[in-house]
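# Working through the structure, step by step
Spelled out from the first residue to the last, the chains are:
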Amino acid sequence: MKNFIRLMLIALFVSAPLAARASAVLIDAKGTVNVTIPGKKAVSARVGLEIPDGSVVNVGKSGKASVMLDSGSVDQIAAGSSYTVGAKAKGVTRTELGSGIALAMNELAAGKGGPTVHGMVKEARGPASKLPALDALGSGGLRAIYPIGTAIRLRSSISFRWEGAQQVSWPAPAIVVDDASQKHLAVKAIKPQSSEFSAQTKELGLTAGGKFTWYLASNEKGVVGKTSRFEFTTLSAADERALDADVAKVKSLDVSGEGKSLLVAQLYYQRGMYDDMVRELAPLWQKGATPFVGRLLKFGYSQMGRGKEAARFE
């Protein structure tokens, strides 16, 4: 995963609320592990802790720790050792990660901990409703949950999900899937007041490496859109293979499960797979993860237009 750790850290650390610019992240801490940041007292180690140059990681005799450097390396620190970030490493096991992944975290850095308004997912307006009573229906009355503003793997089936099922009460409700040129690939009937629709991807005309939109409509006398269009993309076959290879490399590392989740989440981020990213990181946050993880969750939810969830990480 060449460059992906380094670029991810450089952008994220620009936004890190530290006195000194962080140059490493702790991704493994078992047993007795303490970190002393220059000018601060020693703190207990937590996965996702951002640490600048000059910080000292002290590992107890029965402990274990690993740090991820902004150079793209992972240093595994032996039990009973002291490790200084930025100094020449001795007695550590270093793993260089690489596979040509390039991340684009500029917006996260520019937003100082979260995306700017310009980074929020944009919903293209669907065909206007001819029924005045339904004119307000859209992002306000019905909210897409999945897929929206995210890239997805092209599985054999897909489940579209939304909130505001009580709003789906117009005649002949349907879900419409369009390609990038807004040509209808599929128009499928859905049940009134439903909040989910599942179908085979082939049946919907979805292909690898494509851009698509979906929306809810009335198909009583032709398709009349009732909601905004919700955009998503699918990974190409080459991206699928590369992702599988990268995930396998991360999982082969001798680091904690939490550390692996943090790394895998960056692989998802790089490919715009924000839904997969937040699902990977959510368990870490529930365990009391650091602000580092919170900023990633905020960004991921914001990119998918899920402001309510993003607000939890302010």
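Residues numbered from 1 in each chain as written. Predicted model: local features only at pLDDT ≥ 70, side-chain atom pairs only at ≥ 80, totals over all residues. Heavy atoms only, no water.

Side chains of residues three or four places apart in an α-helix project in the same direction, reflecting 3.6 residues per turn. An ideal rise of 1.5 Å per residue puts 18 Å on 13 residues; helix α6 (residues 274-286) measures up with 18 Å between its terminal C-alpha atoms. Listing the buried residues of α6 in full gives Tyr274, Asp275, Asp276, Met277, Val278, Leu281 and Leu284. Tucked inside the fold, the buried residues of α6 contact β10 (143-146), β11 (150-152), α5 (257-270) and α7 (291-303). Where α6 terminates, the next one or two residues include Gly288, which has phi positive at roughly 95°. (Helix = DSSP H or I, 4+ residues; strand = E, 2+ residues; numbered from the N terminus. Expected span 1.5 Å × (residues − 1). Buried < 20%, exposed > 50% of the residue type's maximum accessible area, 1.4 Å probe, protein only. Contact = heavy atoms within 4.5 Å.)

As paired elements, strand β13 (residues 173-178) and strand β14 (residues 184-189) share 5 bridges and run antiparallel to each other. Paired with Asp178 across the two strands is His184, which belongs to β14. Once β13 ends, the chain turns through 5 residues before running back antiparallel as β14, passing Gln182 with a positive phi of about 70°. (Pairing = 2+ DSSP bridges.)

On to the side chain of Asp178. Relative to the helices and strands, Asp178 resides in strand β13. A distance of 2.7 Å separates a polar atom in the side chain of Asp178 from a polar atom in the side chain of His184. In contact with Asp178, other than residues within four places in its own chain, are Lys183, His184, Leu185, Lys211, Phe212, Thr213, Tyr215 and Arg229. (Polar contact = N/O pair within 3.5 Å; in protein donor to acceptor, adjacent residues only side chain to side chain.)

Omega for the peptide link from Tyr146 to Pro147 comes to -10°, which places this bond in the cis form. Looking at where Pro147 falls in the secondary structure, it is placed in the loop between β10 and β11. At Gln182, a position not held by glycine, the phi torsion is positive, near 70°. With respect to the helices and strands, Gln182 occurs in the loop between β13 and β14. Note on Gln182: relative accessible area 47%, which makes it partly exposed.

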